[in-house]
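If you want the building blocks of each chain, they are given just below.
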Amino acid sequence: MMVLLPILILALVVAVTAFSSIGTMKMRLGQGKTGLWMLGGYFVLLLVSMIVSTFLPSETTASMNEESTHSKKRSEISIPMLIAEGKVDEVNKDTLVKEWSFELQDHPLTLEAYVENEGGPGIFIEKTSDLTGKIQASYYRSPIYVDGLKVQEEFKPTLVMNQQTLTVSVENPVDVHYQMFTSEFPFTQFSQNSVGRERGSRIEWGEEAVYIRVPEETEIIGENGNYTLIDPAA
Amino acid sequence: MKAVQCKEVTKKYGRRTALHGVSFSMEENKIIGLAGRNGAGKTTLLKILTGLLKESDGEAEVYGNRPFNNLLVSANSIYIDDQMNFPTSLTLKEILEEGRRFYHNWDHTLAMNLFDYFGFHPKGHHNELSKGKESTFNMIIGLASRSALTIFDEPTTGMDAAVRKDFYRALLKDYLAYPRTILLSTHHLEEVEDLLEEIIVLQKGNLLLHTSMEDMKSYAVAVSGRNESMPEWMKHKVFLYEEKQGPYEKTIILENDLTTVEKEELKRNGVQLSAVSASDAFVYMTGEANGKGGLDDVFSGHINSGSGQKTSQL
Amino acid sequence: MYSADISTAEVVKKQVSYKWRAYISVFTSLVVIQLLAVLFSLNGTGMSSSGGMNYNIRVEYYNADMIMIFTIFWGFITALLLTTKAYREDDFAFVTNRTSGTLSTIIYLWIICSIAGFAASLSGYLLKVVVFLFTSQELLSNNGAEGAGIYVMGLVSLILTIFMFAGFGYAAGMIVQWNKMFVILLPVLFIGLLISLESAGYSMDRFFFQFLFSEQNFWLFIMKSLAVSTAAYVIAFLISNRLEVKR
């Protein structure tokens, strides 16, 4: 019966409109050729909209099949896991969003991380003999897909070096607003792709990580567990 | 082929019976009047003939077909009354155009000429017309359709005298040029007396009379004179109406079946014999002025119930 | 004068074109209702999500479903109105019988339902343009499937659906014309049936919608909806054959 209520309300709305325009036709309104003119005008409007809509900035999201390949790829390679295992070279180069380089004297490095929401990027630090007097940081992020469409808006954490304190801040979340047009029910009923399609829950989150390389002898002072030290032995 | 044939046609609306077994037949190409008081069943009969209503019992036939739900009858007949409903989205001129599309005998020149003659506006709308104008417009459709069976049910409602006269003239002219069966029901019998060839009189759902107009004109006779001058045999005659003029004189309307001998006797007694017009005969016959229920009696307060003059069933 | 050369087909053809001209105002209500539905559809169904990647993603979903549903109801109401006294009497202003009158009405309904369905199928573009005018943001479309074939199938199924509901309206209207008691009785019976079936474990609306709108085979859908429509129109036809014209 829950389904019925909105239908009844709808029926009422349509009935009232129909009766007020058709019903009064027996009297005064709608006399003559008004109906034909309105229909003609409406079709012109529809035609114009059809043409205009092709010029609107718009994008067609990928179909289901392509989407599933995205997710497969991602499940294969987990960025934080690879980095944690020291296999940075294996991380997809496309996911590298930004790199930083800071001077660092022989001082202990204090790491401060400001992450607004809980699931911020993991910070991985690797001590390496390749570097002296500086640290290198990079931010990796795999794309987010909304209904199979890659979110274009970039987000980068802010890394600031002050004396010997490196601050990683993740704030000002990026607001993304999409207007998604979906097909109407008559057009999805017979398409095989739409099997079990649910509207409005197709965001596929990506993965992200901040990878910092520091000189081997650097002492790292951080808050408890705000970073992961990559163990070269592992 | 008979244009119209009715056998024991009965129509019931729920418990009310509008027609009690009416039987008559009509030859083709005549103008026939249908008379009867309000509620006599005229409209019901006409609607049955054009297939708008279905007879409850008996059989109505128009050109050999049962009219109800019959396309042939619908295509060859038209029913014109003052309740005609036309789509409001069409202008008057467009309605005539539709008529041209539907009726195979339609005369569009006649329609347009009448349309102009009666001063209609082409862009006018049917629902905006006055009662008289509406009747006039419907009449144009009825005439222009040239339907084999053309039925006018009270066609002159709301028309002024001049338009009524025009209508009758147009009807007669067009009928003479293109003979067809025309059935006309009207309250103004005196106006169409000269137009009609036959007349059918209905009373309370029964067929009272179906006769030629000639016979109708001599149907009744008025007899007036002193009470004692009325011969004894008068009592056996069918009185349609009786009116006392003072204590000693009276006028009697009776069916005109007086023999020459009887007429002679009446004249010898000093009784005046005078003709009764068809419309007056109709009025007397349908009991409008009859003893029982006569308007005079209503006002004088003594209704002479049961006894005395009664219209005999014919 | 008298002509026996009258063919039903010819009269039906004349009546269809007559009805087209006479009832032209049905399009006024069609346009008003579709525009109204566009207005209602502007709201969209929103879904927002803030994930772990410092993104607040808000997706507004739009589609013309509402316009289609409104159009289907328009078909229902319009057919219902055509059975009312005034409209049936318009039928009888000129040559007709019940067979030709009902037949021409059904053909006429098919024509206007096709037009309505076609307009509804294009109304999505209008919605897109209006949404863009209001937000001037990029639009995404998720057309589960595209292509002429899908469009044609969707259009045909939409038209059939509107025509079927018009059939329901036509049948319901005829039943009411037959006996005025049904004005109250019909909805009571309908809702009563729904409730009693529901309590017996059969959800009528689910059954109905599954039977038709979960049918993924296009041809099966056509057959099913045509069968249901035929049933409705046959009922209307049978009743109309008994109706008199009391004007």
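By convention here, each chain's residues receive numbers from 1 onward along its written sequence. Chains carry letters and ligands carry numbers; both start at the beginning, A for chains and 1 for ligands, and go up in the order they are written. Note on the predicted model: pLDDT of at least 70 is required for a residue's local features to be given, and 80 or more for side-chain atom pairs to be given and counted; whole-chain, interface and lining totals, by contrast, use all residues. Heavy atoms throughout the structure, all of them, feed into the side-chain values; hydrogens and water do not.

Q: Would you take a moment to explain unusual backbone geometry for this structure?
A: When glycine is set aside, most residues are seen to have a negative phi, and most peptide bonds are trans. All names here are of chain B. Its identity as a non-glycine residue notwithstanding, Asn29 has a phi of 55°, on the positive side. Here Asn29 lies in the loop between strand 2 (16-26) and strand 3 (31-36). Taking the relative accessible area as the measure of exposure, Asn29 reaches 33% and is therefore partly exposed. Its identity is not glycine, yet Asn69 carries a phi of approximately 65°, on the positive side. With respect to the helices and strands, the residue Asn69 is situated in the loop between strand 4 (57-62) and helix 2 (71-76). Strands here are runs of E lasting at least two residues and helices are runs of H or I lasting at least four, both read from the DSSP assignment and numbered beginning at the N terminus. Using a 1.4 Å probe on the protein chains alone, a residue whose accessible area is under 20% of its type maximum counts as buried, one over 50% counts as exposed, and one in between counts as partly exposed.

Q: Please clarify how the environment of Glu55(B) should be interpreted in this entry.
A: Residue and element names in this part refer to chain B. Inspection of the secondary structure puts Glu55 in the loop between helix 1 (42-49) and strand 4. Accessibility expressed as a relative area gives 6% for Glu55, which makes it buried. Along the backbone, Glu55 and Phe68 are 13 residues apart, and their C-alpha atoms lie at a distance of 8.2 Å. Contact definition: two residues touch when any of their heavy atoms are within 4.5 Å. If we skip the residues at most four places from it in the chain, Glu55 touches Val9, Thr10, Lys11, Ile48, Ala60 and Arg66. At 3.3 Å, the side chain of Glu55 forms a polar contact with the backbone nitrogen of Ala60. Here a polar contact is taken to be a pair of N or O atoms separated by no more than 3.5 Å, where protein atoms must pair a possible hydrogen donor with a possible acceptor and residues adjacent in sequence count only if both atoms sit in side chains.

Q: Looking at this structure, how should I read the pairing of strand 10 (residues 174-182) of chain A?
A: A regular strand carries its side chains on alternate faces of the sheet. With 7 of 9 residues buried, strand 10 of chain A lies mostly within the body of the structure. Sheet topology note: the strand 10 of chain A/strand 2 (residues 55-62) of chain C ladder contains 8 bridges and is parallel. Its bridge partner lying in strand 2 of chain C, Gln179(A) is registered against Glu60(C). Strand pairing is defined by DSSP finding a minimum of two bridges between the two strands.

Q: Quick question: what am I supposed to make of the pattern of salt bridges here?
A: Side chains bearing opposite charge may pair, as long as their charged atoms lie close to each other. Residues and elements named next belong to chain B. When a carboxyl oxygen of Asp or Glu lies within 4 Å of a side-chain nitrogen of Lys or Arg, that pair is called a salt bridge. In total, this model carries 17 salt bridges over all chains according to the counting rule given. Between Lys131 and Asp82 there is a salt bridge, with the nearest N and O atoms lying 3.9 Å from each other. Separated by 49 residues along the polypeptide, Lys131 in helix 5 (residues 131-145) and Asp82 in the loop between strand 5 (77-80) and helix 3 (92-102) bring together distant segments of the chain. For Asp82, a relative accessible area of 17% translates into the label buried. Within the structure, one salt-bridge network assembled from shared partners comprises Asp107, Arg146, Asp174 and Arg180.

Q: I'm lost on helix 10 (residues 278-285) of chain B in this one. Help?
A: A turn of α-helix holds 3.6 residues, and therefore any two residues three or four places apart point the same way. All names here are of chain B. With 6 of 8 residues buried, helix 10 lies mostly within the body of the structure. Ala278, Ser279, Ala281, Phe282, Tyr284 and Met285 are the residues of helix 10 that are buried. Just downstream of helix 10 lies Gly287, where phi reads positive at about 80°.

Q: Looking at this model, I keep getting lost on the nonpolar core. Mind explaining?
A: Nonpolar side chains tend toward joint burial in soluble globular proteins. Ranked by size, the top nonpolar core spans 135 residues in total, and within it Leu96(B), Phe137(B), Ile141(B), Phe152(B) and Met216(B) carry the most contacts. If one sorts the elements of this core by residue count, helix 5 (residues 98-135) of chain C sits on top with 16 residues. Other than its neighbours up to four places away in sequence, Leu96(B) contacts Trp106(B), His108(B), Ala111(B), Met112(B), Phe115(B), Phe137(B), Ile140(B) and Ile141(B). We call a set of buried residues a nonpolar core when its members are Ala, Val, Leu, Ile, Met, Phe, Trp, Tyr or Cys and they connect through side-chain atoms within 4.5 Å of each other. Grouped together as the second largest cluster of nonpolar side chains are 38 residues, Val97(A), Val176(A), Ile203(A) and Tyr61(C) included.

Q: Looking at this structure, I do not really get helix 5 of chain C. What am I missing?
A: All names here are of chain C. In this model helix 5 runs 53 Å from its N-terminal to its C-terminal C-alpha over 38 residues, within 8% of the 56 Å that 1.5 Å per residue would give. To obtain the bend at a residue, axes are fitted to the seven residues ending there and to the seven starting there, and the angle between these axes is taken. Its axis deflected by about 35° at Leu122, helix 5 carries its strongest bend there. With 28 of its 38 residues buried, helix 5 lies for the most part within the structure. In this structure Asn97 caps helix 5, since a side-chain oxygen of it lies 3.3 Å from the backbone nitrogen of Thr99. To estimate the expected span of a helix, subtract one from its residue number and multiply by 1.5 Å.

Q: Hey, could you run me through the sheet that holds strand 12 (residues 249-255) of chain B in this one?
A: Hydrogen bonding along the main chain pairs the strands of a sheet, whether they run parallel or antiparallel. Residue and element names in this part refer to chain B. Strands sit in the order 11-12-10-13 across an open sheet of 4 strands; the sheet is antiparallel. Each end of this open sheet is capped by a strand with a single partner; those strands are strand 11 (239-245) and strand 13 (272-275). The average angle at which neighbouring strand axes cross in this sheet is 20°, direction not considered. Here strand 10 (residues 220-226) pairs with strand 12 via 7 bridges, running antiparallel. Inter-axis angles, ranging from 0 to 180 degrees, are taken between N-to-C directions of lines fitted to C-alpha atoms, where helices are fitted over the stretch in contact.

Q: I keep staring at the sheet that holds strand 5 of chain B and nothing clicks. Help me out?
A: All names here are of chain B. Taking strand neighbours across the sheet as the criterion, the 6 strands line up as 5-6-7-3-8-9 in an open arrangement whose pairing is mixed. The outermost strands of the open sheet, each flanked by one partner alone, are strand 5 and strand 9 (206-212). Taking each pair of neighbouring strands and ignoring which way they run, the sheet shows an average axis angle of 15°. Where strand 5 meets strand 6 (residues 149-153), 4 bridges bridge the pair, whose relative direction is parallel. Along strand 6, the bridge assignment pairs Tyr79 with Ile151. Across the sheet, helix 6 (residues 161-177) is in contact with strand 3, strand 6 and strand 7 (181-185); its angle to strand 7 comes to roughly 160°.

Q: Which parts of the structure should I look at to understand the packing of helix 6 (residues 148-178) of chain C against helix 7 (residues 182-199) of chain C?
A: To characterise two packed helices, one gives the angle between the axes of the helices and the distance between these axes. All names here are of chain C. Two elements in contact, helix 6 and helix 7, have axes separated by 9 Å at closest approach and are oriented at 135°. Relative to helix 7, helix 6 is oriented oblique. Each of Ala172, Ile175, Val176 and Trp178 in helix 6 lies in contact with helix 7, whose residues at this interface are Phe182, Val183 and Leu186. A per-class count over the contact of helix 6 with helix 7 returns 7 nonpolar, no polar and no charged. The cut-offs work like this: below 35 degrees is roughly parallel, past 145 is roughly antiparallel, 65 to 115 is roughly perpendicular, and the gaps in between are oblique. Each residue gets one label: Ala, Val, Leu, Ile, Met, Phe, Trp, Tyr, Cys and Pro are nonpolar, Asp, Glu, Lys and Arg are charged, and the others, such as Gly, are polar.

Q: Which parts of the structure should I look at to understand the packing of aromatic side chains?
A: Put simply, two rings from Phe, Tyr or Trp (the six-membered ring, in Trp's case) pair if the centres are within 6.5 Å, and we call them stacked under 30 degrees between planes, edge-to-face over 60, tilted for the rest. Per the counting criterion, the structure on display carries 27 aromatic pairs over all chains. Their ring planes at 85° and their centres at 4.9 Å tell us that Trp110(C) and Phe163(C) sit as a pair that is edge-to-face. Here the residue Trp110(C) occupies a position in helix 5, and Phe163(C) occupies one in helix 6, the gap between them amounting to 53 residues. For Phe163(C), a relative accessible area of 9% corresponds to the buried category. Aromatic rings pair up to connect Phe86(B), Phe102(B), Tyr103(B), Trp106(B), Phe115(B), Phe120(B), Phe137(B), Tyr18(C) and Phe94(C) into one cluster. Taking NZ or CZ as reference, Lys133(B) lies 4.5 Å from the ring centre of Phe120(B), over its face. For Lys128(C), the ring lying beneath its charged end belongs to Phe181(A), and the centroid distance is 5.7 Å. Geometrically, a lysine NZ or arginine CZ counts as sitting over a ring once it is within 6 Å of the ring centre and also within 35 degrees of the ring normal.

Q: For this particular structure, what's the right way to read the confidence of the model for chain A?
A: Fine structural detail should not be taken from predicted coordinates in areas where pLDDT scores are low. All names here are of chain A. One number per residue, pLDDT, summarises how confident the predictor is, and it ranges from 0 to 100. Residues at a pLDDT of 70 or more form 68% of chain A, whose mean pLDDT is 73. Helix 2 (residues 34-55) holds the highest mean pLDDT among the elements of chain A, 89, whereas helix 3 (residues 64-76) holds the lowest, 48. Counting contacts from residues 23-30, a segment whose pLDDT is below 50, to residues more than four positions away or on other chains yields 20 contacts. Under a pLDDT of 50 for its full length, residues 63-69 has, in the predicted model, 8 contacts with residues more than four places off or in other chains.

Q: Can you walk me through the environment of Ala278(B) in this structure?
A: Residue and element names in this part refer to chain B. Locating Ala278 in the fold gives a position in helix 10. Residue class for Ala278 comes out buried when judged on its relative accessible area of 0%. Distance from Ala278 to Leu189, taken between C-alpha atoms, is 7.9 Å for residues 89 residues apart in sequence. Sequence-distant contacts of Ala278, defined by excluding residues within four places in its chain, comprise Leu189, Glu193, Met213, Met216 and Lys217.

Q: Is there a simple way to explain the side chain of Lys19(C) in this structure?
A: All names here are of chain C. Of note, Lys19 is situated in helix 1 (residues 8-22). The exposure class assigned to Lys19 is buried, which follows from its relative accessible area of 0%. Sequence-distant contacts of Lys19, that is, excluding residues within four places in its chain, are made with Ile24, Asp91, Gly101, Ser104, Thr105 and Tyr108.

Q: Would you mind going over the side chain of Thr136(B) with me for this structure?
A: Here Thr136(B) is to be found in helix 5. In this structure Thr136(B) touches Phe118(B), Phe120(B), Met159(B) and Val163(B), once residues within four positions along its chain are discounted.

Q: Where do I start with the environment of Asp130(A) in this structure?
A: Residues and elements named next belong to chain A. As for its placement among the helices and strands, Asp130 is situated in the loop between strand 4 (122-128) and strand 5 (134-141). You can call Asp130 exposed: its relative accessible area is 57%. For Asp130 and Pro215, which are 85 residues apart along the polypeptide, the C-alpha to C-alpha distance reads 7.1 Å.

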